[in-house]
Amino acid sequence: MSRETWKKVFSTIGDVELVELVDFWSIQVKGFRYINQENIKQARAMVIAEALKPRNLKMIKAYYTITDEEADEPEENGDEITLDALMELYEEGKELHLILGGLYASEDEELEKLAGELEKALLEKYKADDLSSLIDREDKKVAEEPKVKKGKAQPSEWEKKWNKSEEKNRDLRAKISEWEKQYSQLKQQVKDEKQAMLSEKQKLQQELGMERSQHRETVVNNRKTYEENEVLKAEVAKLKAENSHLNAMLLKNQQEVAVTRMDEKHPEQPAATDKKQVLLVGDPKNKLTENSAKHSFRVLELKDVSEALETNLLENCDEIWMMTYLVPPQMRRKIKRTAQKSIKEFTDFPTMKRYIEKG
């Protein structure tokens, strides 16, 4: 049924009853916190416009729907819905919007046609231009109702069914209203949960962004540190090479100086140049290493062993002697693997002294 048809039905609702229905239907109007008798005339057009919205209209049509559990039973004489019966029902005080609403909500073509005939008959009988003009008459009719009821005939079977169905519908409308409230509550709950999830998602995204930023910064710093370390390694290697070269030159100079001194002291004894050049690993701290007649000692401190292994220092001598009690085992093994010379080992200084004295 069209919105215009329902707009016509709503136009037959009086202000007092419309206020009650607004509360029952849970209709909200922008600009009005509550709809009451003081503002209903001002808000009436907006109330009807809100009621005609699809979501509200679906619920309102259920409000007007008439269900009859006996509808499938054979109708008795006099139970058929007729124009005269509807006119009589209206005259006896039934609100017009309930009658028309029930007929239109049935979505039965015959009943909708009968509703149109009822509208036309009422307008002709009361010489009204539109159905809304009948509201004042209904208010007067309510005031005269006690007098009319005195001569009222017993309700027909159809009226009994109508009243019975309307009573059932009140219960159904109450359930619908409760379901609407529960639906609104669930909808709000879902909205709140969704908002909470969005907030949590945003928080996690921010934390992830911070973690990624810190990771990128760490990667950049690590790369810089690696590059700096590589530069330092190159510089250290260069310095080591230079240091080894200087040590080799220093050893050579020391040997030349020693030879020169020996020549100066004993120019008549050329045999002095025949001293064995001994590289002594480990310093016994004894002057014997300086005054030996047959050996020229070059004492190699432990801290210089690593550089000596990397250069040809071990090869620039005739023999290599090691004071085993001063040189760690691991260092001794390295010297033995590297040196191509004869290596003598002494467990203490007296042993080395006796060896020198024997010649």
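Check the entry above for the structure.
This section reports on the structure supplied with the text. The model shown is predicted, which means the values in this text are computed figures rather than measured ones.

### A few points about helix 3 (residues 40-51)
Reasoning step 1: With 12 residues, helix 3 should reach 16 Å at 1.5 Å per residue; the first-to-last C-alpha distance of 14 Å falls well below that figure.
Reasoning step 2: Restricting attention to buried positions, one finds in helix 3 the residues Ile40, Ala43, Arg44, Val47, Ile48, Glu50 and Ala51. Buried residues of helix 3 fall within an arc of 150° about the axis and therefore sit on the same side. Across helix 3 from its buried face, at more than 90 degrees, point the exposed residues Gln42 and Ala45.

### Description of the nonpolar core
Reasoning step 1: Ranked by internal contacts, the top residues of the largest apolar core, which has 44 residues, are Trp6, Phe10, Trp25, Ile35 and Tyr64.
Reasoning step 2: Sorting the residues of this core by element identifies helix 1 (3-10), helix 2 (15-25), helix 3, helix 4 (54-64), helix 5 (83-91), helix 6 (96-105) and helix 7 (109-125) as the ones contributing at least two each.
Reasoning step 3: Among the elements that line this core, the one with the most residues is helix 6, at seven residues.
Reasoning step 4: If you look at the next biggest cluster of nonpolar residues, it comprises 15 residues, including Leu279, Leu300, Leu314 and Met322.

### Quick look at the packing of helix 1 against helix 6
Reasoning step 1: At a minimum axis separation of 9 Å, helix 1 and helix 6 run at an interaxial angle of 160°. Classified by the interaxial angle, the pair formed by helix 1 and helix 6 is roughly antiparallel. For the pair helix 1 and helix 6, the contacting residues are Thr5, Trp6, Lys8 and Val9 in the first and His97, Leu100, Gly101, Tyr104 and Ala105 in the second.
Reasoning step 2: When the residues that make up the contact of helix 1 with helix 6 are grouped by side-chain class, the tally is five nonpolar, three polar and one charged.

### Some remarks on the pairing of strand 1 (residues 276-281)
Reasoning step 1: In the sheet, strand 1 pairs with strand 2 (residues 295-300) via six bridges, with the strands oriented parallel. Opposite lysine 276, over in strand 2, you have histidine 295 as the bridge partner.

### Some remarks on the pattern of salt bridges
Reasoning step 1: Here the structure, examined in full by the defined rule, presents 13 salt bridges.
Reasoning step 2: Two residues, glutamate 91 and lysine 125, come together in a salt bridge whose shortest N-O distance is 3.0 Å. Note that glutamate 91 is positioned in helix 5 and lysine 125 in helix 7, a separation of 34 residues in sequence.
Reasoning step 3: Its relative accessible area of 48% is what places lysine 125 among the partly exposed residues.
Reasoning step 4: Residue lysine 276 pairs with glutamate 319 through a salt bridge whose shortest N-O separation is 3.3 Å.

Thresholds applied
Residues numbered from 1 in each chain as written. Predicted model: local features only at pLDDT ≥ 70, side-chain atom pairs only at ≥ 80, totals over all residues. Heavy atoms only, no water. Helix = DSSP H or I, 4+ residues; strand = E, 2+ residues; numbered from the N terminus. Expected span 1.5 Å × (residues − 1). Buried < 20%, exposed > 50% of the residue type's maximum accessible area, 1.4 Å probe, protein only. Arc of directions from axis to C-beta. Core = buried A, V, L, I, M, F, W, Y, C linked by side-chain atoms within 4.5 Å. Axes fitted to C-alpha atoms, helices over the stretch in contact; angles between N-to-C directions. Parallel < 35°, antiparallel > 145°, perpendicular 65-115°, else oblique. Contact = heavy atoms within 4.5 Å. Nonpolar A, V, L, I, M, F, W, Y, C, P; charged D, E, K, R; others polar. Pairing = 2+ DSSP bridges. Salt bridge = Lys/Arg side-chain N within 4 Å of Asp/Glu carboxyl O.

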